[in-house]
Amino acid sequence: MSTPATEKDAPERILAIDALRGFDMFWITGGDKLFLAATGLLFLKFPGVQAALDHQLHHAPWGERLVFYDLIMPLFLFIVGAAMPFSFSRRLERGDAKGAIYRKIASRTAILFVLGMAAQGNLLRFDLAQLHIYCNTLQAIAAGYAIGGVIMLNTGVRGQCIATAALLIGFWGLLAFAPVPGHAAGVLEKDANIALYVDDMVLRQFSDGKAYTWVLSSLGFAATVLFGILSGHVLRSEISGGARLARLIAAGVALVLIGEVWNLFHPVIKYIWTPSMVVWTAGWCCLLLGLFYFLIDLRGYRKWAFPFVVLGANAIVAYMAPNFIRFGDISAVLFSGPDRLGVSGDLLRAAGAFLLLWAPLYWMYKKKMFVRI
């Protein structure tokens, strides 16, 4: 941990990034139900503990403090950014022209948008009246990746820091001072805010009609990806592993504190992706990445993370598969007999649903079959 690394020795892949990506995917591919079923059995005589855990695994309503489950989407975007310094540098080092990388950014953005419409935008219903163009995590990733990728290709680390600050301050300025027809400027209510107004103006009948906002919030998505990019630079830097860890932890603590202070006059609202929320969640993402990096890449504790690595290696398959295959329903049929077991039966069915997804991903991992976009 104390031996300085040279550019030659700088890691070309950090296993913690794959594991953290899989950890994030775990919670949205049935892991939440598996975890709650397991803890329901463990804390059978402590309903208060189970209620607290259940609260952490459901999105907080508008106006309430964010919970663990609200970190999943920001962490997804953050990890995309953290991997970009590694993937972009490999392309540049092998001689790819910027034009080729721009084309890759454009194609990946387009594919993610289409997949997002397929997953949540009713694209496969083939009915324009039900189509939602911009309404999904994959599309938020696409927007953040596109903006972050262009910034990364044309600026250094300092420029990326400036761009991140500019996006946050610019977005904050719009939310705080842009007039909302029929309301005072700066209103941040569930049914009245400038981001929601812009969505209605741009997406019109293709909006999903929910409290989440997308078009203007793309500035926040890009800032989250850029925070991930800056963290990726830390992991790829020439300094020692211990110094990388220290920078991640320091940045995480600082960002969480800044987010807390900013929240006092500009609320943390995930539905709008407010700049204070971007900073606060980026801090927690840095801390999680630091924890995984410490355990996996510095201390070498890798076996526990293998199930997550399998999920992270084919994250797009893991994300899309449950939209087309009802693993929970299949597991309920396969394990319908243990109803008399109560919470034990719930655990068996939750485990079955998760394994129905994980097992094919494990086979793909062993066969070195990785779906990339």
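In case you missed it, the structure is sitting above this.
Note that the coordinates shown come from a computational prediction; the quantities given were computed from them, not determined experimentally.

*Asks:* I keep staring at the overall build of the protein chain and nothing clicks. Help me out?
*Replies:* Assigned secondary structure in the protein chain consists of 14 helices and two strands. By the compact-globule yardstick of 21 Å for 373 residues, the protein chain fits well, its C-alpha radius of gyration being 21 Å. The C-alpha extent of the protein chain, read off along each of the three principal axes, is 60 × 60 × 45 Å. Counting all 373 residues of the protein chain, 50% fall into the buried class. For the protein chain, long-range pairs separated by at least 24 residues make up 71% of all intrachain contacts whose partners lie at least 6 apart in sequence. Counting 32 positive and 23 negative side-chain charges, the protein chain places the centres of these two groups 9 Å from one another.

*Asks:* It is not clear to me how the pattern of salt bridges should be interpreted in this structure. Could you clarify?
*Replies:* Oppositely charged side chains can pair when the atoms bearing their charge come close. Within this structure, the stated rule accounts for six salt bridges. The partner of Arg-236 in a salt bridge is Glu-93, with the nearest N and O atoms 2.9 Å apart. Of this pair, Arg-236 sits in helix α8 (residues 218-236) while Glu-93 sits in helix α3 (residues 72-93), placing them 143 residues apart in sequence. For Glu-93, a relative accessible area of 53% translates into the label exposed. A salt bridge links Asp-96 to Arg-94; its shortest N-O distance comes to 3.1 Å.

*Asks:* Whenever I open this one, the layout of surface pockets confuses me. Can you help?
*Replies:* It is the rolling of a water-molecule-sized probe over the atoms that shows where space remains empty. Taken as a whole, the largest pocket spans an internal volume of roughly 970 Å³. Lining of the largest pocket is provided by 36 residues; of these, Ile-28, Thr-29, Tyr-69, Pro-322 and Asn-323 occupy positions nearest its centre. The set of elements that each furnish at least two residues to the lining of the largest pocket consists of α1 (15-42), α3, α4 (98-120), α13 (327-334) and α14 (343-366). If you tally residues by element for the lining of the largest pocket, the top one is α1, at six residues. Its residues placed into classes, the lining of the largest pocket shows 19 nonpolar, nine polar and eight charged. Reported here for the second largest pocket is a volume of approximately 810 Å³.

*Asks:* Looking at this structure, how should I read a nonpolar patch on the surface?
*Replies:* On the surface, Leu-124, Phe-126, Phe-324, Ile-325, Ile-330 and Leu-334 cluster together into a nonpolar patch covering about 640 Å² of accessible area. For Phe-126, a relative accessible area of 73% gives the class exposed.

*Asks:* For this particular structure, what's the right way to read the packing of α3 against helix α5 (residues 137-154)?
*Replies:* Any two packed helices are characterised by the angle at which their axes cross and by the distance between the axes. The contact between α3 and α5 brings their axes to 10 Å, and the two run at 35°. At the point where α3 passes α5, the crossing takes the right-handed sense. Where α3 approaches α5, its residues Met-73, Phe-76, Leu-77, Val-80, Met-84, Pro-85 and Phe-88 are matched on the opposing element by Thr-137, Ala-140, Ile-141, Tyr-145, Gly-148, Gly-149, Met-152 and Leu-153. Classifying every residue of the contact of α3 with α5 gives twelve nonpolar, three polar and no charged.

*Asks:* How do you make sense of helix α9 (residues 241-263) when you look at a structure like this?
*Replies:* Along an α-helix, a turn takes 3.6 residues, which lines up residues three or four apart on a common side. With 23 residues, α9 extends 33 Å from end C-alpha to end C-alpha; this agrees with the ideal 33 Å at 1.5 Å per step. Against the buried residues of α9 lie α6 (157-177), α8 and α10 (275-298).

*Asks:* Looking at this model, I keep getting lost on unusual backbone geometry. Mind explaining?
*Replies:* Apart from glycine, the bulk of residues carry a negative phi angle, and the bulk of peptide bonds sit in the trans form. Of note, Arg-204 is a non-glycine position whose phi angle comes to about 50°, a positive value. Summarising the element assignment, Arg-204 is placed in the loop between α7 (194-203) and α8. Unusually for a residue other than glycine, Trp-273 sits at a positive phi of about 65°. Take Trp-273: it is sitting in the loop between α9 and α10.

*Asks:* Would you mind going over the packing of α5 against α8 with me for this structure?
*Replies:* α8 packs onto α5 with a crossing angle of 55° between their chain directions and a minimal axis gap of 8 Å. As judged from the angle between their axes, α5 and α8 are oblique. Judged by the sense of rotation from one axis to the other, the crossing of α5 with α8 is right-handed. Counting all contacts with α5, which are made through Ala-140, Ala-143, Gly-144, Tyr-145, Ile-147, Gly-148, Ile-151 and Met-152, the residues of α8 involved are Ser-218, Phe-221, Ala-222, Val-225, Leu-226, Ile-229 and His-233.

*Asks:* Just checking my understanding: could you explain the packing of aromatic side chains for this structure?
*Replies:* One pair of aromatic rings is described through two measures. These are the centre distance and the angle between the planes. Throughout the structure, instances matching the rule amount to 26 aromatic pairs. Between Phe-306 and Tyr-365 the ring centres are 5.5 Å apart and the planes differ by 80°, which places this aromatic pair in the edge-to-face class. Of this pair, Phe-306 sits in helix α11 (residues 306-313) while Tyr-365 sits in helix α14; the two residues are 59 residues apart in sequence, bridging distant segments of the chain. A relative accessible area of 28% places Phe-306 in the partly exposed class. In this structure Tyr-365 comes out as partly exposed when scored by relative accessible area, which is 25%. Taken together through their ring pairs, the aromatic side chains of Phe-23, Phe-26, Trp-27, Phe-35, Phe-68, Phe-292, Trp-304, Phe-308 and Phe-354 make up a single cluster.

The rules behind the values
- Residues numbered from 1 in each chain as written.
- Predicted model: local features only at pLDDT ≥ 70, side-chain atom pairs only at ≥ 80, totals over all residues.
- Heavy atoms only, no water.
- Helix = DSSP H or I, 4+ residues; strand = E, 2+ residues; numbered from the N terminus.
- Rg over C-alpha atoms; globule rule 2.2 N^0.38 Å.
- Buried < 20%, exposed > 50% of the residue type's maximum accessible area, 1.4 Å probe, protein only.
- Contact = heavy atoms within 4.5 Å.
- Lys, Arg positive; Asp, Glu negative; His and termini not counted.
- Charge placed at Lys NZ, Arg CZ, Asp CG, Glu CD.
- Salt bridge = Lys/Arg side-chain N within 4 Å of Asp/Glu carboxyl O.
- 1 Å grid on protein atoms, 1.4 Å probe; cavity = no way out; pocket = protein on both sides within 12 Å on 5 of 7 lines; lining within 4 Å.
- Points joined across faces, edges and corners; volume = space filled by probe spheres on them.
- Nonpolar A, V, L, I, M, F, W, Y, C, P; charged D, E, K, R; others polar.
- Patch = residues over 30% accessible without salt bridge, like charges linked within 9 Å, V, L, I, M, F, W, Y side chains within 5 Å.
- Areas by Shrake-Rupley, 256 points an atom, 1.4 Å probe, with all protein chains shown as cover.
- Axes fitted to C-alpha atoms, helices over the stretch in contact; angles between N-to-C directions.
- Left-handed = near helix turned anticlockwise from the far one by under 90°.
- Expected span 1.5 Å × (residues − 1).
- Parallel < 35°, antiparallel > 145°, perpendicular 65-115°, else oblique.
- Phe/Tyr/Trp six-rings, centres within 6.5 Å; stacked < 30°, edge-to-face > 60°.

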